[in-house]
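What the coordinates show
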Amino acid sequence: MKNLKSTYLGISIKNPLVIGSSGLSSTVMGVKSLADAGAAAVVLKSIFEEEITAEAKATLQSQLGTDQNNMEFFDYYDYQVKSDVLDKYLTLITEAKAAVDIPIIASINCASYNEWVSYAKRIEKAGADGIELNIFKLPFDKASTAQELEDTYFTIVRKLREQVSIPVGIKMSSYFTNLGSVIHRLSNTGVNGLILFNRYTSLDFDIENDQVVSGHIYSDKNDYVLPMRWIAVASQGADCDLIASTGVHDYRTLVKMIMAGAASVQIVSAVYKEGPEVILWMLKELESWMEKRGFDSISDFKGKMSQGLADNPEVFERVQFMRYFSDHTTIK
Ligand SMILES: Cc1cc2nc3c(=O)[nH]c(=O)nc-3n(C[C@H](O)[C@H](O)[C@H](O)COP(=O)(O)O)c2cc1C
């Protein structure tokens, strides 16, 4: 038996496999089946700022029509609907906590700090072991600058830290002008973990019917290379756990992420595609690999392949194809 203990947002976990926020963790039954399959922690389906607002508006419109005289009522009613949505989420936290003995992390999807920060305290009281913030808005706003977008992240973290004392993680996007600097500075804000990276819904075109359709929902097994590179580059100087997300579909990628310096790894698409059994397979194969390599614990190889420990650190920064253009002269 190998020692697979690791951490997630600084919380001690029994192995490095955490289930990322998704429909898999939107019910107590879902959470229980993931825990039974060996998951070390579960991040609940996100509560969305937009979802709360949309539900409030839709309910209100169906009941009040377009009567503008009821605006005073709107404020009150809006608050009530928000509370209902939140109450359901709080119940999910409490019941999931009671059903399993692994850490349960709440997830909030937000783009500003106004809407939800006051809810965070109630999430903490409901028993969540940590809060993961999924902060993102596509930068469509031509009037705002890259600096303003970055500042939003730091403001949100500061405001949340004033509200709660449980561990906080940020699930980041890779869309930053100076990503290395943002990772480094966010890791110094008092957050307990950065999750690299979030994966977003994409859109595609149906060229027979001229329709916009949704793109691939699940990640591909080769998508891991982006988070792996950034974890390898950032892990030495980071002041909190770095957690890998996107493209972890088998034990090899799990190992690579830890070797890059990840404290733990989130999986979602692999579970959707293979079922919860994939958790146990990956853990078994991880143990066999550790046995073969002579490692007894995760810390024996965590960060082994990070840029900070590399003999040739410049290779991590090479991105252009120059050499390949000169070597690869034939077409297969
Ligand atoms: C069906 C589905 C639902 C998701 N819902 C959420 C969500 O509510 N909140 C969130 O932060 N991420 C959500 N995600 C993103 C995942 O948590 C994860 O970051 C992403 O799928 C990349 O990991 P993977 O390659 O293991 O799938 C969802 C992903 C999928 C496939």
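Structure report, in brief. Here the structure is a predicted model, which is why all the values come from computation and not from measurement.

Regarding the overall build of the chain
Across its full length, the chain carries eleven helices and 13 strands. The proportion of buried residues among the 332 residues of the chain is 46%. The long-range share in the chain, meaning contacts at least 24 apart out of those at least 6 apart in sequence, stands at 70%.

Some points on the environment of H184
Relative to the elements of secondary structure, H184 occurs in helix α6 (residues 179–187). A relative accessible area of 41% places H184 in the partly exposed class. For the pair H184 and G237, spaced 53 residues apart in the sequence, the C-alpha separation amounts to 7.1 Å.

Remarks on the site of the ligand
Among the 20 residues in the neighbourhood of the ligand, the closest are listed as S21, S46, N134, S219 and S269. K171 has a polar side-chain atom sitting 2.8 Å from an oxygen atom of the ligand. At 3.2 Å from an oxygen atom of the ligand is found a side-chain nitrogen or oxygen belonging to S245. Taken by itself the ligand offers 610 Å² of open surface, and the protein chains cover 89% of this. Using a 2 Å cut-off from the grid points, one finds that the ligand occupies the largest pocket. A breakdown of the residues in the shell around the ligand according to their chemical character gives six nonpolar, eleven polar and three charged.

Comments concerning a positive patch on the surface
On the surface, a cluster of positive charge is made up of R252, K256, K292, R293 and K304. Elements with a minimum of two residues in the positive patch: α8 (251–260) and α10 (277–293). Relative to the assigned elements, K256 resides in helix α8. Residue classification places K256 among the partly exposed residues on the basis of a relative accessible area of 33%.

A look at the packing of aromatic side chains
Applying the stated criterion across every chain, the model contains eight aromatic pairs. Pairing W289 with F301 gives two aromatic rings, centres 5.0 Å apart and planes at 70°, and the pair type is edge-to-face. Separated by twelve residues along the polypeptide, W289 in helix α10 and F301 in the loop between α10 and α11 (322–327) bring together distant segments of the chain. Assigned by exposure class, W289 and F301 land together as buried. These aromatic residues form a ring-pair network of at least three members: F136, Y175 and Y200.

Comments concerning helix α7 (residues 225–234)
When we look at burial in α7, the residues that qualify are P227, I231, A232 and A234. In this structure, the buried side of α7 is in contact with α6, β9 (193–196), β12 (241–244) and α8.

Examining unusual backbone geometry
Omega for the bond connecting L196 with F197 falls within 30 degrees of zero, at -5°, which places this linkage in the cis form. Mapped onto the elements of the fold, F197 is located in the loop between β9 and β10 (203–206). Its identity is not glycine, yet L9 carries a phi of approximately 55°, on the positive side.

Cut-offs and rules
Residues numbered from 1 in each chain as written. Predicted model: local features only at pLDDT ≥ 70, side-chain atom pairs only at ≥ 80, totals over all residues. Heavy atoms only, no water. Helix = DSSP H or I, 4+ residues; strand = E, 2+ residues; numbered from the N terminus. Buried < 20%, exposed > 50% of the residue type's maximum accessible area, 1.4 Å probe, protein only. Contact = heavy atoms within 4.5 Å. Near = heavy atom within 4 Å. Polar contact = N/O pair within 3.5 Å; in protein donor to acceptor, adjacent residues only side chain to side chain. Areas by Shrake-Rupley, 256 points an atom, 1.4 Å probe, with all protein chains shown as cover. 1 Å grid on protein atoms, 1.4 Å probe; cavity = no way out; pocket = protein on both sides within 12 Å on 5 of 7 lines; lining within 4 Å. Sits in = over half its atoms within 2 Å of the grid points. Nonpolar A, V, L, I, M, F, W, Y, C, P; charged D, E, K, R; others polar. Patch = residues over 30% accessible without salt bridge, like charges linked within 9 Å, V, L, I, M, F, W, Y side chains within 5 Å. Salt bridge = Lys/Arg side-chain N within 4 Å of Asp/Glu carboxyl O. Lys, Arg positive; Asp, Glu negative; His and termini not counted. Charge placed at Lys NZ, Arg CZ, Asp CG, Glu CD. Phe/Tyr/Trp six-rings, centres within 6.5 Å; stacked < 30°, edge-to-face > 60°.

No statement about biological role is implied by the geometric values presented.
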